[in-house]
Amino acid sequence: MNIVILGLSITSSWGNGHATTFRGLVRELHKQGHQVTFLERDVPWYAGNRDLPNPEYCRTELYKSVDDLRNRFTEEVRQADMVIVGSYVPEGVPVGEWVVKTARGIKAFYDIDTPVTLAKLEREDYEYLHPNLIPKYDLYLSFTGGPTLSLLEQKYGSPMARALYCSFDPSLYFPELMEAKWDLGYLGTYSDDRQPPLDKLMLEAARQWPDGRFVVAGPQYPASIKWPQNVQLIQHLPPAEHRNFYNSQRFTLNITRADMIKAGYAPSVRLFEAAACSTPIISDYWEGLETILEPGKEILIAKDTKDTLRYLREICKSERKLIGERARRKVMAHHTAAHRAQELISYAEELMTLENPFANSEVSQEV
């Protein structure tokens, strides 16, 4: 297929989780024989922090404005087999309106921020998506699955809403035999809604178990936080060091944003990356978690400090290793970037079949 993607960024992973998602998806689409053009708005905060200015697996073009986009890329959008507009694209509503009017192929919206998007729509904040635009997209790809997909179809009129979760790159995340520096670690940027569960599931456990070794890695933590003496703070951990970080922990902690918990069925990329490293995960609970990893066998659920301490102090090394290995097998079988590329193409095939129920198998094979 000839695919055009208009996304927040693929050239810069600075301050966003979109770039790594697009890189993995586009790389795997390229491996599967599809041709991708990625159109990115040229903005100053990414211009100075481009860690992948020219991905080798797609043609990447920067545009300065919506007018510049229309003037230079109308023909590419018109001729593409599928055009995907991502969430948080600057001026996403006029961009989307232009795409649905111009494109002759499949028109899709890829929401990497679904719970945030729905909350914005509820308060009539149409920064990058308007309710009137949703029915005009043939396909709504969502980072959140479960009941949210029915909501998008029934309340907002999406003709077809499908889950396209985040993923991981198996060449970057895998187990390594390393010294365990910490009993429990957490990787995540500070947020007001994640701090209370972090305090309950890790920091209080550190206070009650002074012999334990703990670490938090991530930016923007306020200076006012009083860290226990046995908790190390790493203010910046580049993506290239994430694998080593996970492999240096006996257990890792997963904490979910409040809006993701409310929506359910919203696994984070950190969950998949940690599992890929065979690091056993202690996590809060959200609806649908069991469809990703099986509680008790592939992931451990903690409701309070007691749960965390019980896991850290009572689970033996062999059981800990088994939990990590089971989780790795699961994510390797279902949640790599290659799986996401295959899912995307399967949705395209489904749409084509719906539009042309008499399409023969040769067309499907060409796709």
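Cut-offs applied
- Residues numbered from 1 in each chain as written.
- Predicted model: local features only at pLDDT ≥ 70, side-chain atom pairs only at ≥ 80, totals over all residues.
- Heavy atoms only, no water.
- Pairing = 2+ DSSP bridges.
- Helix = DSSP H or I, 4+ residues; strand = E, 2+ residues; numbered from the N terminus.
- Contact = heavy atoms within 4.5 Å.
- Axes fitted to C-alpha atoms, helices over the stretch in contact; angles between N-to-C directions.
- Phe/Tyr/Trp six-rings, centres within 6.5 Å; stacked < 30°, edge-to-face > 60°.
- Buried < 20%, exposed > 50% of the residue type's maximum accessible area, 1.4 Å probe, protein only.
- Lys NZ or Arg CZ within 6 Å of the ring centre and 35° of its normal.

Draft legend 1. Layout of the sheet that holds strand β10 (residues 231-234). Taking strand neighbours across the sheet as the criterion, the 6 strands line up as β10-β9-β8-β11-β12-β13 in an open arrangement whose pairing is parallel. The sheet is open, and its two borders are formed by β10 and β13 (300-301), each paired with just one other strand. Pairing of strand β12 (residues 281-283) with β13 involves 2 bridges; the strand directions are parallel. Paired with I282 across the two strands is L300, which belongs to β13. Helix α10 (residues 269-276) rests against β8 (182-187), β11 (249-254) and β12 of the sheet, and its axis sits at about 155° to β12.

Draft legend 2. Inspection of the packing of aromatic side chains at higher detail. Enumeration according to the criterion identifies 12 aromatic pairs in this entry. With centroids separated by 5.1 Å and ring planes inclined at 70°, the aromatic side chains of F22 and F38 adopt a geometry described as edge-to-face. Placement of F22 in helix α1 (residues 18-31) and of F38 in strand β2 (residues 35-41) is noted, with a sequence separation of 16 residues between them. Owing to a relative accessible area of 0%, F38 belongs among the buried residues under this scheme. Relative to Y128, the ring of Y88 lies with its centre 4.5 Å away and its plane at 40°, an arrangement referred to as tilted. Of this pair, Y88 sits in the loop between β4 (82-86) and α4 (92-102) while Y128 sits in the loop between α5 (114-122) and β6 (139-142), and the two are 40 residues apart along the sequence. Judged by relative accessible area, which is 27%, Y88 ranks as partly exposed. Judged by its relative accessible area of 2%, Y128 is buried. In this structure, R310 is placed above the aromatic ring of Y311, and the distance from its NZ or CZ to the ring centre is 5.1 Å.

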